[in-house]
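Notes for the structure review
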Amino acid sequence: MINIQTYSNDVIELLKKLISTESFSRQEDKAADLMESFLKGKGLPVHRKGNNVWVWSGEKNADKPTILLNSHLDTVKPSSKWTYPPFKPTSEGDTLFGLGSNDAGGPLVSLLATFLLLSETEQPYNLVYAATAEEEISGKNGIAMILDELGPVDLGIVGEPTQMQMAVAEKGLLVLDCEAKGKAGHAARNEGINAIYQALPDIEWFKNFQFPEVSELFGPVKMTVTQVQAGSQHNVVPDSCKFVVDVRLNEKYSNQQAADIIQRKVDCKVTPRSVRLNSSYIPLEHPVVRKGLKLGRTYYGSPTTSDQALMSFTTLKMGPGDSARSHTADEYIKIGEIEEGIKIYFELLNGLIL
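For clarity, every value in this text was computed on a predicted model and none was experimentally measured.

**Considerations on the overall build of the chain**
What the chain contains, in helices and strands, is eight helices and 18 strands. For the chain, with 354 residues in total, the buried portion stands at 52%. In the chain, the share of contacts with a sequence separation of at least 24, taken over all contacts with a separation of at least 6, comes to 79%. Counting 36 positive and 44 negative side-chain charges, the chain places the centres of these two groups 4 Å from one another.

Right, dumping it as structure tokens:
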């Protein structure tokens, strides 16, 4: 534990450099350069693919399980409401202002310091740290690009601002493009089949249907019709009515399962935009959760999506900072939060038996 402060100081300086570097989604190359340079400076063999950088702690042992420590390099663009310069790290007491400081710079560098600490002694697992791209847009050139390179992972710690509490579940997101078909005709005569009327029973179904599996953490699956488009002019019976449905899934259903159920229940054509952003869940009996509870951590279900949605293995979302600050003007992280995050991460993972 004697090196926690040293590593804290190192990674906080790295965070300041990252804040100073524009790192919007798909433009993370300079931030990845910084991360790669920092890791090489520690004498570590660094792997890189695109704007994703990862490093293993020693030689991988096929007889051990693998733990992944992961957070993201990219940020959203700053709004016009910032009063601090978003790309200039500004310290006021214990508070560090800057774009990406909270989401997810604090978790990113806290996990990095934890990786270095854990690497000082042999652990009962293989350990890999990955700083990845395109999380803010759920892009295909982020963590998804390197999962095959990493091989089987038994547990992922996903660094996002959770006040170092354990997000043991995360809602899935499914966006559906729906279309009801009719037949065009003149509105003045009894012609055609009105696609709007064809769509109404299905829209009503989306409003009222309840998926049978209800989550203790999230409650029921929530479906909301958010957009409707039909018709070309006032006197033409529309032959098509298109509408969009936003589906927020609890951990009881995969996106594909939900899409299949929906398509069987409605008459309109249903096209998922993607089935990638699945819900996630780690059992409360899992060793990392049990250890977290012993350390005084609480657990909850997270309504926001992260790279957890792209990981098919067991994950826990946890990190310093506060999700309420993410994507806001004058975003900040507290230095004390980073230091506490490193300490809790280390206590949670040091010697963990999976």
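**A few points about unusual backbone geometry**
Going from Asp103 to Ala104, the amide bond is cis rather than trans, its omega being 5°. A positive phi is found at Ser138, a non-glycine position, where the angle reads about 50°. Here Ser138 shows up in the loop between strand 6 (126-132) and helix 4 (143-150). Even without a glycine there, the phi angle at Asp330 is positive, about 60°. Assignment of secondary structure puts Asp330 in the loop between strand 17 (315-317) and strand 18 (332-334).

**As for the pairing of strand 9 (residues 172-181)**
Where burial is concerned, most of strand 9 is hidden: seven out of the ten residues are buried. Alignment of strand 9 against strand 13 (residues 240-249), held across ten bridges, turns out to be antiparallel. When the sheet's bridge partners are listed, Lys181 is paired in strand 13 with Ser240. Inspection of the sheet shows strand 9 paired to strand 14 (residues 269-272) by four bridges, in the antiparallel sense. Directly across from Asp177, in strand 14, lies its bridge partner Thr271.

**Here's the deal with the sheet that holds strand 9**
Here we have four strands laid out as an open sheet, ordered 11-13-9-14, and antiparallel in their pairing. Two strands close off the open sheet at either side, each with one partner strand: strand 11 (222-230) and strand 14. Each neighbouring strand pair of the sheet contributes to a mean axis angle of 25°, computed without reference to strand direction. In the packing of helix 5 (residues 195-208) onto the sheet, contacts are made with strand 9, strand 11 and strand 13, and the angle to strand 13 comes to roughly 10°.

**Thoughts on the environment of Glu179**
Mapped onto the elements, Glu179 comes out in strand 9. For the pair Glu179 and Gln229, spaced 50 residues apart in sequence, the C-alpha separation works out to 9.5 Å. A polar contact of 3.3 Å, which involves the side chain of Glu179, links it to the side chain of Lys181.

**Description of empty space enclosed by the protein**
Evaluated as defined, the whole model comprises one cavity of 30 Å³ or more. In this structure, the largest cavity occupies an estimated 140 Å³ of space. In this structure, the largest cavity is lined by 16 residues; those nearest its centre are Leu18, Leu73, Thr75, Leu99 and Gly100. Broken down by secondary-structure element, the contributors of at least two residues to the lining of the largest cavity are helix 1 (4-19) and helix 3 (101-118). Considering every element that reaches the lining of the largest cavity, the biggest residue donor is helix 3, with four residues. Looking at side-chain class alone, the lining of the largest cavity contains eight nonpolar, six polar and two charged residues.

Criteria and thresholds
Residues numbered from 1 in each chain as written. Predicted model: local features only at pLDDT ≥ 70, side-chain atom pairs only at ≥ 80, totals over all residues. Heavy atoms only, no water. Helix = DSSP H or I, 4+ residues; strand = E, 2+ residues; numbered from the N terminus. Buried < 20%, exposed > 50% of the residue type's maximum accessible area, 1.4 Å probe, protein only. Contact = heavy atoms within 4.5 Å. Lys, Arg positive; Asp, Glu negative; His and termini not counted. Charge placed at Lys NZ, Arg CZ, Asp CG, Glu CD. Pairing = 2+ DSSP bridges. Axes fitted to C-alpha atoms, helices over the stretch in contact; angles between N-to-C directions. Polar contact = N/O pair within 3.5 Å; in protein donor to acceptor, adjacent residues only side chain to side chain. 1 Å grid on protein atoms, 1.4 Å probe; cavity = no way out; pocket = protein on both sides within 12 Å on 5 of 7 lines; lining within 4 Å. Points joined across faces, edges and corners; volume = space filled by probe spheres on them. Nonpolar A, V, L, I, M, F, W, Y, C, P; charged D, E, K, R; others polar.

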